[in-house]
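Commentary on secondary and tertiary structure
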Amino acid sequence: MTTSSTSLITQPQWRFIDHSSLGPQFDAKHSFAIDDTLCASVGKGLSPATARTWVHHQTIVLGIQDTKLPFLEEGVKLLQDKGYNVIVRNSGGLAVVLDDQVLNISLIFPDSDKGIDIDRGYDAMLELIKRMFKEHADKIEAREIVGSYCPGSYDLSINGKKFAGISQRRLRGGVAVQIYLCVARSGEERAELIRQFYDVALKGTTTKFTFPAIKPETMASLSDLLQIDLTVEKLMLDLLVTLKNNSNELQSSTLTPEEQEVFQQNLMRMIDRNVKVFSTMQK
């Protein structure tokens, strides 16, 4: 455990916002707009450090690089034909699968005077997950899993199989560290879907950016890896207990009226970004 990650996870007060049970109509564009809104609030000191949980049904979130795929339209059609909603997020990274058995957690911190460097943000999320799974913490590794979708140096894995990916977004004095946790169901099937997407969207074309060669067997869910019956609800409880144990106060919350206004502006930016990508694709 590093001192820096401890100082981030241990907060005088944690604000907690739960968007994990809003159902199939909850569009993922909203989540990225909400996290940008919270970055601004936390960055200005209008909100304490905030944890937010979110779940989106049957959604593929593409990164900005994915929008440059030569046959993007055909790739998106494949995903839509399989019943998935496809959106483009406002940050880097590559395609990921979200469904009702994938729990997303965002931790939003103020970027203090000394600054939160990239690794410190990642380490904080790693520490949170290890505390949530304290009985299995020694099995969890943070390293790039080649062959997984959206690979990165802070892929979380057990026995070489990835179950989570972490990303960061820095905005208006705030830092949002986001993780997706594959809780249950087949991680391999999710990876196979993304493998098919890149197959169709690339068609073997050589591009400036190297997209990952997906090997579905490199990914799994926590339920399969730990051989225990896990649910999103169970992990939510573990998260709440962990946050409570690392603060003097855990405050359940919603967006304030002021944040709602900022959220609407950020949502319009997300909608405009997506309209631009998909309208260009259809020409």
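Within each chain, residue numbers correspond to sequence positions counted from 1 in written order. Local features in this predicted model are restricted to residues of pLDDT 70 or higher, and side-chain atom pairs are both shown and tallied only at a pLDDT of 80 or more, whereas totals for entire chains, interfaces and linings draw on every residue. Computation of side-chain values: all heavy atoms of the structure, hydrogens and water removed.

Considerations on the overall build of the protein chain
- Tallying secondary structure elements over the protein chain gives eight helices and eleven strands in all.
- Taken over the C-alpha atoms alone, the protein chain extends approximately 55 × 45 × 35 Å along its principal axes.
- By residue count, 55% of the 283 residues in the protein chain fall in the buried class.
- A contact between two residues is defined here by any heavy atoms of the two lying within 4.5 Å. Look at the contacts in the protein chain between residues 6 or more apart in sequence, and 79% of them connect residues 24 or more apart.
- Only the protein chains shown count as cover for residues, and all accessible areas are computed by the Shrake-Rupley method using a 1.4 Å probe. When the accessible surface of the protein chain is split by element, carbon and sulfur atoms take 50% of a total near 12800 Å².
- Positive: Lys, Arg. Negative: Asp, Glu. His and the chain ends are not part of the count. One atom stands in for each charge, and that atom is NZ of Lys, CZ of Arg, CG of Asp or CD of Glu. Seen as two clouds, the 32 positive and the 35 negative side-chain charges of the protein chain have centres 4 Å apart. The helix and strand labels rest on DSSP assignments: H or I over at least four residues marks a helix, E over at least two residues marks a strand, and numbering proceeds from the N terminus. Three labels apply to residues, based on accessible area from a 1.4 Å probe with only protein chains included: buried if under 20% of the type maximum, exposed if over 50%, partly exposed otherwise in between.

Looking at the sheet that holds strand β6 (residues 102–110)
- Should DSSP find at least two bridges between two strands, the strands are taken to pair. Reading across the sheet, the eight strands line up as β7-β8-β9-β10-β6-β2-β1-β11 and stay open at both edges, with mixed pairing between neighbours. The open sheet has two edge strands with one neighbour each: β7 (140–142) and β11 (247–252). Along the sheet, successive strands turn relative to each other by an average axial angle of 20 degrees, direction set aside.
- Pairing analysis gives five bridges linking strand β1 (residues 11–19) to β11, with the strands arranged parallel. The residue of β11 that forms the bridge with phenylalanine 16 is serine 252.
- Lines fitted to the C-alpha atoms define the axes, with helices restricted to the stretch that makes contact. Angles between their N-to-C directions range from 0 to 180 degrees. Against the sheet, helix α2 (residues 28–43) engages β1, β2 (50–54), β6, β9 (161–171) and β10 (174–182), with an angle of about 175 degrees to β2.

Things to note about the pattern of salt bridges
- Any Lys or Arg side-chain nitrogen found within 4 Å of a carboxyl oxygen on Asp or Glu counts as a salt bridge. Under the definition given, this model contains 16 salt bridges.
- Here arginine 52 makes a salt bridge to aspartate 35, at a shortest N to O gap of 2.8 Å. Within this pair, whereas arginine 52 is found in strand β2, its partner aspartate 35 is found in helix α2, the two being separated by 17 residues in sequence. Like aspartate 35, arginine 52 is buried.

Quick notes on the packing of aromatic side chains
- Each pair of aromatic rings taken from Phe, Tyr and Trp, with Trp reduced to its six-membered ring, is defined by centres within 6.5 Å and is described as stacked if the planes are under 30 degrees apart, edge-to-face if over 60, and tilted in the remaining cases. Within the structure shown, the criterion is met by seven aromatic pairs.
- Each ring, one from phenylalanine 32 and one from tryptophan 54, has its centre 5.5 Å from the other, and the planes form 75 degrees; the classification is edge-to-face. With phenylalanine 32 in helix α2 and tryptophan 54 in strand β2, this pair connects stretches of sequence that are 22 residues apart. Residues phenylalanine 32 and tryptophan 54 agree in their burial class; the two are buried.
- Geometrically, the ring pair formed by tyrosine 198 and phenylalanine 211 is tilted, given 5.6 Å between the ring centres and 40 degrees between the ring planes. On the criterion of sequence distance, the pair formed by tyrosine 198 in helix α5 (residues 187–202) and phenylalanine 211 in the loop between α5 and α6 (222–226) is long-range, its members being 13 residues apart.
- Given the relative accessible area of 10%, phenylalanine 211 is considered buried.
- Three or more aromatic residues joined by ring pairs make a cluster, and in this case those are Phe197, Tyr198, Phe209 and Phe211.
- In this structure, lysine 203 packs its charged tip against the face of phenylalanine 71, placed 5.3 Å from the ring centre. Look at NZ for Lys and CZ for Arg. If either is within 6 Å of the ring centre and within 35 degrees of the ring normal, a charge sits over the ring.

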